[in-house]
Amino acid sequence: MNTFNGRFYSIFIISYYTGYVVLGIALLMVLPILTAVGLQEWNPFWDFIITMAISIILGLLLIIIGKQTRHNKSFVQWKHGFVVASLSWIILMFLCAIPYLLSGHVNSILDACFDVMSGFTTTGMVLTQDLDHISLSLNLWRHMLTFIGGQGMIVLALTFLLKETGGAYIFYVGEAKDIDLVPNVKGTARIIWKISMVYLVIGTVALWIDGLAIGLTPLSAFFNGLFIFASSWSTGGFAPYTQNMMYYHSFSYENLTIIFFILGSLNFGLHYAILSGNKKELLKNIETQSFFISSFLASILAVMWLARTGVYHDAIAMFRRVVYNVLSAHTTTGFGSVYARQFALEWGDFGILILVIVMLIGGSACSTAGGFKGLRVGIIGNSILADVKRLLASERNVKVFRFHHIKDQILSDGLVKAAALIIICYLITFAIGTLIGTYYGYPLASAAFEAASITGNVGLSIGITAPGMPAVMKVYYIIAMYLGRLEFLSVFALIGFIIGGIKKCWTK
Amino acid sequence: MLDKIIKLLMLTVSLLFCLNGSVFAADVIELNQLVENAEAMDGQTVTVTGEAIGEAMERGDHAWVNINDGTNAMGIWMPLDDAESIRVFGDYKHHGDQLQATGVFNRACAQHGGDVDIHSDSITVVTAGYAAAEAVPTLKIIFGLVLVCLASALGMIYLNVIKKK
């Protein structure tokens, strides 16, 4: 039964679904609260109680405002999905920043919002200070944000909180996770979360055991294993200590993270295909092909370049300090096995350029990775080859070109155009970020490195991202992380919706 | 008598200088300075100070202890006996022991896979660590309780108005 009256029904729909997303994230705060109680961290306990209560109040108010939507679900359109996704991210950024702010480990609300957006987008840049002294419950929260952000928090909230999710695919696409593993979205979301949770258990146990072997105490090994897995799998790059991966001084620990962040950067569809017995997909898939080719080339070039500088003397050092960082950058993870300033001081312009390129390319579509994705690079690469073949072929010969991604697909002009548009949007965001960096006096190579890391949701830093950097850069970096993760369309939809709403009010 | 006092004073002052020679502020280098000047400092014996953080990670007869001096953090590779002399490590509930470590700085340690580290010759606990007192402000508790009451009231309204319909 249609009970919607008036021109502003979209506001009720958006309010209703956004309310559920906020409520979902509020309920997740139970985990850091329980951790705080278990470890008797009483300040963080109250910080999370306050944040959870505020989130529940806001979530319920939004649901009550949009309650008519319960009887008008057929009115939900694509634009609502995009707007709910983009708006929820902004609201959640402010709400999830509260525990950071109350902890006293950030200088301002802007720094807190930066770190939350960095977590949600699985970027991994940090403005939180004195990481070595933050509570375990806040550390858990940091890593939960990046884990949830990587799998898709809008879908998580809506799939598990709402009974009817007939139109949930709309929200799925809004969060740049457009994949249908099974015919219904609820099933697809559950498969994605099931895959992630199985890996979470395996990964945490593996890192826990290795943590014990490298000298961590059992409790510390568990929490470090959990945090580092969450960061690896979600290609986030957060770590519980200031030194990031350098804290552990362990080759085996680094190798485990390589396995998990490469797995995390692969398409969920690929995981599902392999788990369903279709192992050939790993070799046939256009994304895995492009990822392995570009990783290999980038690693070889970086190793050759750094071998000339003579910083690293043996193969193990080359692998741990060069290949590790190249793979971490390419999968958009952002774990660092060297100090940020070492990139600027030791890697040289060529080394930095290699990292900039792989950071912009990123991982696979519909994975936890960022960047403009191997799928789009593969599509553009194939379309160039197809055009060359068309030029060389007879005019009477009409040929259809295909590529393989989960299934054989036709390389249509529309697909190529869509891929090119997204890549252009990424490059513009990167260029603006570089421009702002150079405006504030940073060297071109450093500004480009940081802008690529932010735009591609990577998290490696060359030393620019720090609490003392200009506020304008912090704001732009937040916007760039947000745009990069939601792949532009949802944010454009939100802007369009706001402008449309203003026009409606104006013309009334 | 005056002569004796002057001699004693001179001896005391000279002894003070001798004993403190190894801990002159000018000799202690910041960790960030080491990172920034890694090429120049590579292979040199340096003295650094910083708070022991996290925990000691035992590796055979040696251990890794990471220290943070406020400018940066770095791993110190030290004999296990030295690591065991550190009583408190910094975390949320503790301010760790302040260490002074003297050893060889490596820009890309050949023994440890290219790690930036310091292989210590000597470790001294300059200041003992301690448990950090945690006091929750009363205002925070009151604010939290008020918000919990408000959220519960709204939850009841939600259950009665929305869910019952």
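These numbers come from a predicted model, not from an experiment. (Residues numbered from 1 in each chain as written. Chains lettered and ligands numbered in written order. Predicted model: local features only at pLDDT ≥ 70, side-chain atom pairs only at ≥ 80, totals over all residues.)

### Structural notes on the environment of Asn72(A)
On the secondary structure map, Asn72(A) appears in the loop between α3 (42–65) and α4 (78–103). In this structure, the C-alpha to C-alpha distance between Asn72(A) and Asn139(A), residues 67 residues apart in sequence, is 41 Å. (Helix = DSSP H or I, 4+ residues; strand = E, 2+ residues; numbered from the N terminus.)

### Here we look at the UniProt feature "transmembrane region" (unreviewed entry) in chain B
The positions that UniProt labels "transmembrane region" (unreviewed entry) are, in the present scheme, residues 141–161 of chain B. Spanning residues 141–161 of chain B, this segment combines 100% helix with 0% strand, and its end C-alpha atoms are found 30 Å apart. (UniProt positions renumbered as here; feature names shortened; annotations may be inferred.)

### What to know about helix α5 (residues 109–120) of chain A
Counted at 1.5 Å a residue, the expected span for α5(A) with its 12 residues is 16 Å, and the 16 Å between its end C-alpha atoms agrees. Across the 12 residues that make up α5(A), a large majority, 10, are buried. (Expected span 1.5 Å × (residues − 1). Buried ≥ 20, exposed ≤ 12 C-beta atoms within 10 Å, placed from the backbone.)

### Describing the domain arrangement of chain A
All names here are of chain A. Taken as a whole, chain A is organised into domain 1 (9–264) and domain 2 (278–422). Here domain 1 and domain 2 have C-alpha centroids that lie 27 Å from each other. Each side of the interface is counted separately: domain 1 has 26 residues, and domain 2 has 17 residues. Of all elements in the fold, only α6 (136–151), α10 (218–233) and α11 (251–264) reach the threshold of two or more residues within the side of domain 1 that touches domain 2. For the side of domain 1 that touches domain 2, the leading source of residues is α11, giving seven residues. Among the residues forming the side of domain 1 that touches domain 2, the class breakdown is nine nonpolar, 14 polar and three charged. (Domains from an automatic or database assignment. Contact = placed C-beta atoms within 7 Å. Nonpolar A, V, L, I, M, F, W, Y, C, P; charged D, E, K, R; others polar.)

### With respect to the pairing of strand β6 (residues 115–127) of chain B
Residues and elements named next belong to chain B. Here three bridges tie strand β3 (residues 73–79) to β6, and the two strands are oriented parallel to one another. When the bridges of β6 are listed, Gly-75 appears paired with Asp-117. Two successive antiparallel strands, strand β5 (residues 98–109) and β6, enclose a turn made up of five residues, where Gly-113 displays a positive phi of approximately 55°. (Pairing = 2+ DSSP bridges.)

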